[in-house]
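Chain and residue survey
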Amino acid sequence: QKEVEQDPGPLSVPEGAIVSLNCTYSNSAFQYFMWYRQYSRKGPELLMYTYSSGNKEDGRFTAQVDKSSKYISLFIRDSQPSDSATYLCAMSEEGGGNKLTFGTGTQLKVEL
Amino acid sequence: KAGVTQTPRYLIKTRGQQVTLSCSPISGHRSVSWYQQTPGQGLQFLFEYFSETQRNKGNFPGRFSGRQFSNSRSEMNVSTLELGDSALYLCASSVGTGGGSPLHFGNGTRLTVT
């Protein structure tokens, strides 16, 4: 079983919908949680970065971390066709340096 | 501010050869990390360098090595290439090492081993 599990999708939604993306993990030592967006033929782009439990909002994006359930989420409001990409969750331990453990990514398509 | 630059973008090599990939971090970033991305395994951590010292290493064979120069630029080398080494190799830089220093990725080098 992988340390980080993420539904690969694909997930298809209409423009304007609220999108919910999720990851579960098994390593209780993870303290830093990230969401990256990756377009085809590009490197991952950092969207959200949170420490420990709680919520963080940035524009149309909201990240939630529930350490008691070992569950993190990314919500995208008012989704746009330009949001169509693969979304990757990533996590790291306190003192783990820049060693991130990634989920396999969820492919999202926002349709007109 | 320029992002992380990786060269070359594409490489085709033959089994048994060796290859060197290059990464220039964002100006002011002192940490460089390398990741391998494949359809089957996703993104996997290779190693991290900070101030020219390897700080962390992933679970890859010794054929994979790297180094960092005094200007923070980094190279990774893969010797005795195998077909399974075909992947997108991503370099990421950050200001420091560890929590509080988010990683910023380049667009990768696509390596194909035939």
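Up top you'll find the structure we're talking about.
Structure report, in brief. (Residues numbered from 1 in each chain as written. Chains lettered and ligands numbered in written order. Predicted model: local features only at pLDDT ≥ 70, side-chain atom pairs only at ≥ 80, totals over all residues. Heavy atoms only, no water.)

Looking at the interface of chain B and chain A
If you look at the interface, chain B gives 27 residues, while chain A gives 17 residues. Summed over both sides, the interface of chain B with chain A buries roughly 1700 Å², with 52% coming from carbon and sulfur. On inspection of chain B and its partner chain A, the count reaches 0 salt bridges. At the boundary of chain B and chain A, one finds 11 residue pairs in polar contact (both at pLDDT 80 or more). Every element with two or more residues in the side of chain B that touches chain A is listed here: β4 (31-38), β5 (42-50), β9 (87-94) and β10 (104-105) of chain B. Of the residues forming the side of chain B that touches chain A, the biggest block, 4 residues, is contributed by β4 of chain B. (Contact = heavy atoms within 4.5 Å. Buried area = accessible area lost by both parts, 1.4 Å probe. Salt bridge = Lys/Arg side-chain N within 4 Å of Asp/Glu carboxyl O. Polar contact = N/O pair within 3.5 Å; in protein donor to acceptor, adjacent residues only side chain to side chain. Helix = DSSP H or I, 4+ residues; strand = E, 2+ residues; numbered from the N terminus.)

Things to note about the pattern of salt bridges
As enumerated under the stated definition, the model contains 7 salt bridges over all chains in all. Between R37 of chain A and E45 of chain A there is a salt bridge; the shortest N-O distance is 3.1 Å. Residue R37 of chain A is classed as buried on the basis of its relative accessible area of 11%. With relative accessibility at 34%, the residue E45 of chain A sits in the partly exposed group. Across the pair R73 of chain B and E75 of chain B runs a salt bridge, and its minimum N-O distance is 3.6 Å. For R73 of chain B, a relative accessible area of 24% gives the class partly exposed. (Buried < 20%, exposed > 50% of the residue type's maximum accessible area, 1.4 Å probe, protein only.)

Some details on the nonpolar core
Burial of nonpolar side chains together is a common tendency in soluble globular proteins. Counting residues in hydrophobic clusters, the biggest one holds 24 residues, and the most contacted among them are W35, I72, L74, I76, Y87 and M91 of chain A. Listed in part, the 21 residues of the second largest apolar core include V4, L21, Y49 and C91 of chain B. (Core = buried A, V, L, I, M, F, W, Y, C linked by side-chain atoms within 4.5 Å.)

Some thoughts on the packing of aromatic side chains
Tallied over the entire structure, the rule returns 12 aromatic pairs over all chains. Between Y36 of chain A and F105 of chain B, the ring centres sit 5.4 Å apart and the planes meet at 85 degrees, which makes this aromatic pair edge-to-face. In this pair, Y36 of chain A sits in strand β4 (residues 30-38) while F105 of chain B sits in strand β10, so the two residues belong to two different chains. Per residue, the accessibility class of Y36 of chain A equals that of F105 of chain B, and both read buried. Centre to centre, the rings of F102 of chain A and F105 of chain B are 6.1 Å apart; their planes meet at 70 degrees, and the pair counts as edge-to-face. Taken together, the residues span two chains, with F102 of chain A in strand β10 (residues 101-102) and F105 of chain B in strand β10. In this structure F105 of chain B comes out as buried when scored by relative accessible area, which is 11%. Taken together, Y36 and F102 of chain A together with Y35, F45 and F105 of chain B form an aromatic cluster joined through their ring pairs. (Phe/Tyr/Trp six-rings, centres within 6.5 Å; stacked < 30°, edge-to-face > 60°.)

Side note on the sheet that holds strand β6 (residues 54-58) of chain A
Residues and elements named next belong to chain A. With antiparallel pairing, the 5 strands of this open sheet are ordered in space as β1-β3-β8-β7-β6. The open sheet has two edge strands with one neighbour each: β1 (4-6) and β6. For this sheet, the mean angle separating the axes of adjacent strands, direction not counted, is 15 degrees. Across 6 bridges, strand β7 (residues 61-66) lies against strand β8 (residues 71-76) in antiparallel orientation. The partner of T62 across the bridge, within β8, is F75. (Pairing = 2+ DSSP bridges. Axes fitted to C-alpha atoms, helices over the stretch in contact; angles between N-to-C directions.)

Looking at the sheet that holds strand β3 (residues 19-24) of chain B
Pairing between the strands of a sheet is mediated by backbone hydrogen bonds and can be parallel or antiparallel. All names here are of chain B. Strand order in this open sheet of 4 strands is β1-β3-β8-β7, and the pairing throughout is antiparallel. A strand with exactly one partner marks an edge of an open sheet, and here the two such strands are β1 (5-7) and β7 (64-68). Each neighbouring strand pair of the sheet contributes to a mean axis angle of 20 degrees, computed without reference to strand direction. With 5 bridges connecting them, β7 and strand β8 (residues 74-78) associate as antiparallel partners. Pairing of F64 across the sheet is with V78, part of β8.

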